[in-house]
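# Observations on chain architecture
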Amino acid sequence: KNEVEQSPQNLTAQEGEFITINCSYSVGISALHWLQQHPGGGIVSLFMLSSGKKKHGRLIATINIQEKHSSLHITASHPRDSAVYICAVAGTSGSRLTFGEGTQLTVNP
Amino acid sequence: AAGVIQSPRHLIKEKRETATLKCYPIPRHDTVYWYQQGPGQDPQFLISFYEKMQSDKGSIPDRFSAQQFSDYHSELNMSSLELGDSALYFCASSLVYEQYFGPGTRLTVT
């Protein structure tokens, strides 16, 4: 069992739909990151969370430390949101990131 | 705003050759991380440096070495390259907790 698990692995949505990607982890963490990776490989950091909720534009990230669970929500999805979304956690003993397997999101017009 | 710079962006080497990847962190960031992402795989942590000292070590092969210099840039040296070393190599820099990723170096070993 991976330390970080994401669901779903693949997600196809129609433009305008509300999207949720889930991340569960099994270790103690100091922070959780949501990352976006486009074709060609570049990684962009979307959020870093240690508690509560953060919002940036149409993106919302929440974390429940007790349940070891985080969600990334995208409101009013758009084809340009199509990318791989990766959940990564920094453990309590250091700041190296352990990555989930990613969720491939495709938003169709 | 300045971002993390990696060079080269693409590199093609033959088996048994050596390669050097460079990472220039965001100004004033004192920590650099190296990650390796094989084809279709999630990134794996290799090694990190804080204030020019190795701070953590992950699944980095003995054929690889890395260091952080006085200007905080870091270099990943890879020797005796193998086909399995073909991957996207990311570095990330941080000042406190949040890591900012570079665009990656795509290494192809033929």
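Conventions we followed
Residues numbered from 1 in each chain as written. Chains lettered and ligands numbered in written order. Predicted model: local features only at pLDDT ≥ 70, side-chain atom pairs only at ≥ 80, totals over all residues. Heavy atoms only, no water. Disulfide = S-S within 2.5 Å. Helix = DSSP H or I, 4+ residues; strand = E, 2+ residues; numbered from the N terminus. Buried < 20%, exposed > 50% of the residue type's maximum accessible area, 1.4 Å probe, protein only. Polar contact = N/O pair within 3.5 Å; in protein donor to acceptor, adjacent residues only side chain to side chain. Contact = heavy atoms within 4.5 Å. Pairing = 2+ DSSP bridges. Axes fitted to C-alpha atoms, helices over the stretch in contact; angles between N-to-C directions. Salt bridge = Lys/Arg side-chain N within 4 Å of Asp/Glu carboxyl O.

### Some remarks on the state of the cysteines
By definition, a disulfide links two cysteine residues through a covalent bond between their sulfur atoms. Residue and element names in this part refer to chain B. Taken as a whole and judged by the stated rule, the model has 2 disulfides over all chains. Here Cys23 engages in a disulfide with Cys91; their sulfurs sit 1.9 Å apart. Residues Cys23 and Cys91 are joined by a disulfide whose S-S torsion is about 75 degrees; by sign, that bridge is right-handed. Pair noted here: Cys23 is in strand E3 (residues 19-24) and Cys91 is in strand E9 (residues 87-94), with a separation of 68 residues, a long-range link. A residue is classified by how much of its surface remains accessible, and Cys91, at 0% relative accessible area, is buried.

### As for the side chain of B:Asp30
Residue and element names in this part refer to chain B. Residue placement: Asp30 occurs in the loop between E3 and strand E4 (31-37). A polar atom in the side chain of Asp30 sits 3.0 Å from the side chain of Thr31. Setting aside residues up to four positions removed in sequence, Asp30 forms contacts with Phe49, Tyr50, Glu51, Gln68, Tyr72, Ser94 and Leu95.

### A look at the sheet that holds strand E8 (residues 74-78) of chain B
All names here are of chain B. Sheet architecture is open: 4 strands sit in the order E1-E3-E8-E7, paired in antiparallel fashion. Two strands close off the open sheet at either side, each with one partner strand: strand E1 (5-7) and strand E7 (64-68). When the angles between neighbouring strand axes are averaged without regard to direction, this sheet yields 15 degrees. Both E7 and E8 contribute to a ladder of 5 bridges, which runs antiparallel. Considered in E8, the bridge of Ser65 is made with Asn77.

### Remarks on the pattern of salt bridges
Should the charged atoms of two oppositely charged side chains come close, the side chains can pair. By the definition in use, this model includes 5 salt bridges over all chains. In this structure, A:Arg96 engages B:Asp56 in a salt bridge whose closest nitrogen and oxygen atoms are separated by 2.8 Å. Placement of A:Arg96 in the loop between strand E9 (83-91) and strand E10 (97-99) and of B:Asp56 in strand E6 (residues 53-57) is noted, with the two residues assigned to different chains. B:Glu82 is the salt-bridge partner of B:Arg63, the closest N and O atoms lying 3.4 Å from each other. With a gap of 19 residues between them, B:Arg63 in the loop between E6 and E7 and B:Glu82 in the loop between E8 and E9 connect regions that are remote in the sequence.

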